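Residue strings, one per chain:
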Amino acid sequence: MSDRIIAARVVVCSPGRNYVTLIIETASGLTGIGDATLNGRELAVASYLADHVAPLLIGRDPAQIEDIWQYLYRGAYWRRGPVTMTAIAGIDVALWDIKAKAAGMPLYQLLGGASRERMLCYTHADGADIAEALDAVAAKREHGFRAVRVQAGVPGLNRIYGVHGDGAGDSYARPIEGDWDTSAYLRHTPKLFEAARERFGPELHLLHDAHHRLTPNEAAQLGRSLEPYRLFWVEDPVTAEAQEGWRRVRSQTTVPLAVGEVFNSIWDAQLLITERLVDYLRATIVHAGGITHVRRIADLCALYSVRTGFHGANDLSPVTMGAALHFGRWVPNFGIQEYAAHPAQAEEVFGWDWSYAGGHLLSGEAAGHGVTFDEQAAARFPYRRQYLDVNRLTDGTMWDW
Ligand code: EZ4
Ligand code: CO
């Protein structure tokens, strides 16, 4: 007997930070939960869903995930883009949640079963200077992490990515403005990793995020200068748009490369994958069209020895982490999962059965993706407009963040 969708509601709440959640209900009494959070542009996705898409879902068979995906992607005409693909992801994940609940299975079983029992994860360590950053790494290591992303302040720059907090203070009124000077950064960063290797030895996985700030040639210089410290990866050395620019980066350095947290479709990554220009792809379930689409990206990656390294900052809700861990449990070419703990208040709104232990993340065994959402609790945390940072060169020129 086929089921049918009877309700699709969007809830925007802010338990410590903003999350957009989609709840789909079916005639047979099943509920699916999807994340549709697009940091700093949350209401655009909420409106896309509530005003344009939710009415089209009512009456459809929730089992037809593929057809609904194609209907929303091909049928929109204005295809791709972060708003559209985040909205589709919210629906897609809610529908996979429903399908797995209907089957009485944890989601990873529907995807093809477990390829591993636990997923290696990395977390963040930041500091205003090298000493402070390394102390932060030590604290994460104490907590069992085997892989740590390290960001440190650069002398002469007041505020730079990852170091001076994300999303606090005046970011409610307007974006915080960071400072940037590429040559200062290129001089300083090898010292950070030299000191990190000296203090922590060869085994700890060290990662670094250049946050789209370099030209391809500068990225090649950074990669070469970091080669002696054997990083797990350098993330986003150049802008995601610079597709063919990655040829230069790749041909000039052996440092492993990761990219894709801002990608929203397989077309953003096609050249990078098929020319083997990157090692890890960070396109995530919530921003790249859900499980249905990211599975296609991961399969293309597998043909070219590219592994997954999903974005997992805490502006992606616990729902996305739940879905990502079921995906990671199955996907044959899993690489690593980013993990930044969610704000404490998020636990009042979301419930989840995934967990952290000893440097790894574990998916749950509940039917579905294992993440619940309490709409009444969410009402206690109203949306608050908040911006991502922007970035300027020291002469005031607007730069990439
Ligand atoms: O800038 O999640 O690797 N992680 C990151 C994050 C992203 C934010 C964007 O919403 O680069 O900090
Ligand atoms: Co990043």
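Residues numbered from 1 in each chain as written. Chains lettered and ligands numbered in written order. Predicted model: local features only at pLDDT ≥ 70, side-chain atom pairs only at ≥ 80, totals over all residues. Heavy atoms only, no water.

### What to know about the nonpolar core
- One finds Ile24, Ile91, Leu281, Ile285, Ile291, Phe327 and Phe373 to be the most contacted residues of the largest nonpolar core, which totals 119 residues.
- When residues of this core are assigned to their parent elements, the largest contribution, 10 residues, is made by helix H3 (residues 82-103).
- A domain split of this core shows at least three residues from each of domain 1 (5-105) and domain 2 (111-368).
- Core analysis: the next-biggest nonpolar cluster, separate from the first, contains 9 residues, Leu120, Phe232, Trp233 and Ala258 among them. (Core = buried A, V, L, I, M, F, W, Y, C linked by side-chain atoms within 4.5 Å. Buried < 20%, exposed > 50% of the residue type's maximum accessible area, 1.4 Å probe, protein only. Helix = DSSP H or I, 4+ residues; strand = E, 2+ residues; numbered from the N terminus. Domains from an automatic or database assignment.)

### Digging into empty space enclosed by the protein
- Going through the model one piece at a time under the given rule, you end up with 6 cavities of 30 Å³ or more.
- Approximately 110 Å³ is the volume found for the largest cavity.
- Forming the walls of the largest cavity are 16 residues, and the residues nearest its centre are Gln151, Ala152, Ile160, Tyr185 and His208.
- Among the elements that make up the lining of the largest cavity, the one with the highest residue count is helix H6 (residues 182-200) (4 residues).
- Of the residues that constitute the lining of the largest cavity, the class distribution is 9 nonpolar, 5 polar and 2 charged. (1 Å grid on protein atoms, 1.4 Å probe; cavity = no way out; pocket = protein on both sides within 12 Å on 5 of 7 lines; lining within 4 Å. Points joined across faces, edges and corners; volume = space filled by probe spheres on them. Nonpolar A, V, L, I, M, F, W, Y, C, P; charged D, E, K, R; others polar.)

### Let's talk about the domain arrangement of the protein
- Taken as a whole, the protein is organised into domain 1 (5-105) and domain 2 (111-368).
- Once you take the C-alpha centre of each, domain 1 and domain 2 turn out to be 26 Å apart.
- Taken residue by residue, the interface counts 33 residues in domain 1 and 32 residues in domain 2.
- Counting the surface domain 1 buries against domain 2, the share from its top three residues, Tyr19, Asp35 and Trp96, is 22%.
- Applying the counting criterion to the domain 1 and domain 2 interface returns 2 salt bridges.
- Between Glu66 and Arg296 there is a salt bridge, with the nearest N and O atoms lying 3.1 Å from each other. (Contact = heavy atoms within 4.5 Å. Buried area = accessible area lost by both parts, 1.4 Å probe. Salt bridge = Lys/Arg side-chain N within 4 Å of Asp/Glu carboxyl O.)

### Here's the deal with the sheet that holds strand E3 (residues 31-35)
- Strand order in the open sheet formed by 3 strands is E1-E2-E3, and the pairing between neighbours is antiparallel. Only two strands of the sheet have a single neighbouring strand rather than two, namely strand E1 (5-13) and E3. Within the sheet, the average angular offset between the axes of one strand and its neighbour, ignoring direction, is 20°.
- Pairing of E1 with strand E2 (residues 19-26), which is carried by 8 bridges, proceeds in the antiparallel orientation. Looking across to E2, one finds that Val10 is bridged to Leu22.
- Along the sheet face, helix H1 (residues 42-57) touches E1 and E2 and points at about 170° away from the line of E1.
- Its contacts with the sheet place H3 against E1, E2 and E3, and it is angled at close to 150° to E3. (Pairing = 2+ DSSP bridges. Axes fitted to C-alpha atoms, helices over the stretch in contact; angles between N-to-C directions.)

### Digging into the sheet that holds strand E17 (residues 390-393)
- With mixed pairing, the 3 strands of this open sheet are ordered in space as E6-E17-E18. In this open sheet, the two strands that pair with only one neighbour each are strand E6 (177-180) and strand E18 (398-399).
- Looking at chain direction, E17 and E18 are connected through 2 bridges and run antiparallel. Counted as the bridge partner of Arg392 is Met398 from E18.

### A few points about the coordination of the cobalt ion (ligand 2)
- Note on the cobalt ion (ligand 2): its protein donors are Asp209 (OD), Glu235 (OE) and Glu261 (OE). The metal-donor distances range over 1.9 to 2.2 Å.
- Between the 6 donor atoms coordinating the cobalt ion (ligand 2), the angles at the centre fall across 24 to 177°, so the site counts as irregular.
- Read N to C, the donor residues that coordinate the cobalt ion (ligand 2) are spaced as D-x25-E-x25-E. Of the two residues, Asp209 is situated in strand E7 (residues 205-209) and Glu261 in the loop between strand E9 (257-259) and helix H9 (266-274); the sequence distance between them amounts to 52 residues.
- When its relative accessible area of 3% is taken as the criterion, Asp209 is described as buried. (Donors = N, O, S within 2.8 Å, 3.2 Å for Na, K, Ca; no water. Tetrahedral: all angles 85-135°; square planar, octahedral: opposite > 155°, others 65-115°.)

### Structural notes on the pattern of salt bridges
- Across all of its chains, the model carries 16 salt bridges by this definition.
- Residue Glu261 is joined to Arg282 by a salt bridge in which the shortest nitrogen-to-oxygen separation is 2.9 Å. One end of the pair, Glu261, is in the loop between E9 and H9; the other, Arg282, is in the loop between strand E10 (280-281) and helix H10 (290-303), with 21 residues separating them in the sequence. For the residue pair Glu261 and Arg282, the accessibility class agrees, reading buried in each case.
- Members of the salt-bridge network, linked through shared partners, are Glu235, Glu261, Arg282 and Glu338.

### Details of the site of ligand 1
- Around ligand 1 there are 14 residues in total, and Asn39, Tyr161, His211, Glu261 and Asp315 lie nearest to it.
- With respect to ligand 1, the side chain of Glu261 contributes an N or O atom lying 2.7 Å from an oxygen atom.
- Within the contact set of ligand 1, an oxygen atom lies 3.1 Å away from a side-chain nitrogen or oxygen of Arg282.
- Contact with the protein chains covers 92% of the free accessible surface of ligand 1, which is 330 Å².
- In this structure, ligand 1 is accommodated by the largest pocket. (Near = heavy atom within 4 Å. Polar contact = N/O pair within 3.5 Å; in protein donor to acceptor, adjacent residues only side chain to side chain. Areas by Shrake-Rupley, 256 points an atom, 1.4 Å probe, with all protein chains shown as cover. Sits in = over half its atoms within 2 Å of the grid points.)

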